[in-house]
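Tertiary structure, described
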Amino acid sequence: MSGHEKINYVELPAADLAATKQFYSRVFGWVFADYGPDYIAFANSGLDGGFYRAKTHSAVADGAALVVLYSKDLAQTESKIVAAGGKVVKPVFSFPGGRRFHFTDPNGNELAVWSEQ
């Protein structure tokens with residue numbers, strides 16, 4: 001059930017929807033539903049969302065919002081991302097409350113993963 005005036009859904013650009021589905025399902029276990037040739041929705045991610053076909057990408061340096069995922073095992077998640085074709089663009093660093101790293105997906109979208117440890 002959606003909460004009144006709460007974040008409900010997030011959408012990101014993706015040039016290659018097939019590669020997007022393969023990457024996120026392999027690394028994070030997300031599930032996808034196709035909505036025509038230019039849109040895929042995802043679930044099983046903590047917050048539902050989608051990817052729309054676009055030639056652009058989401059990057060913090062360009063002022064985009066940063067989607068941050070949680071991991072109980074930061075090193076294991078980083079290894080899965082790299083093995084699936086993602087790229088670490090900001091190595092693991094400490095911050096008050098934990099550690100995190102930033103990565104890009106096959107479309108160049110920048111996301112982050114954090115852990116308390």
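This section reports on the structure supplied with the text.

Considerations on the sheet that holds strand 5 (residues 67–70)
In spatial order, the strands read 5-8-7-6; together these four strands make up an open sheet with mixed pairing. In the strand order of this sheet, the two ends are held by strand 5 and strand 6 (87–95), each with one partner. Across this sheet, the average inter-strand angle for adjacent strands is 25°, counted without regard to direction. Where strand 6 and strand 7 (residues 98–104) come together, six bridges link them in antiparallel fashion. From the neighbouring strand, valine 88 faces strand 7, where its bridge partner is phenylalanine 103. Of the strands in this sheet, strand 6, strand 7 and strand 8 (110–115) are in contact with helix 2 (residues 74–83), which crosses strand 7 at around 5°.

Examining unusual backbone geometry
As a rule of thumb, non-glycine residues mostly have phi less than zero, and peptide bonds are mostly trans rather than cis. The phi angle at glutamate 5 is positive, at roughly 60°, despite the residue not being glycine. Mapped onto the elements of the fold, glutamate 5 is located in the segment before strand 1 (10–14). You can call glutamate 5 exposed: its relative accessible area is 71%. Not every positive phi belongs to a glycine, and asparagine 44 is a case in point at roughly 65°. Summarising the element assignment, asparagine 44 is placed in the loop between strand 3 (39–43) and strand 4 (49–53). Residue classification places asparagine 44 among the exposed residues on the basis of a relative accessible area of 54%.

Description of the side chain of threonine 77
Tracing the chain through its elements places threonine 77 in helix 2. Residue classification places threonine 77 among the buried positions, given a relative accessible area of 11%. Filtering out sequence-adjacent residues up to four positions away, threonine 77 remains in contact with Phe28, Ser71, Phe101 and Val113.

About the thresholds
Residues numbered from 1 in each chain as written. Predicted model: local features only at pLDDT ≥ 70, side-chain atom pairs only at ≥ 80, totals over all residues. Heavy atoms only, no water. Pairing = 2+ DSSP bridges. Helix = DSSP H or I, 4+ residues; strand = E, 2+ residues; numbered from the N terminus. Axes fitted to C-alpha atoms, helices over the stretch in contact; angles between N-to-C directions. Contact = heavy atoms within 4.5 Å. Buried < 20%, exposed > 50% of the residue type's maximum accessible area, 1.4 Å probe, protein only.

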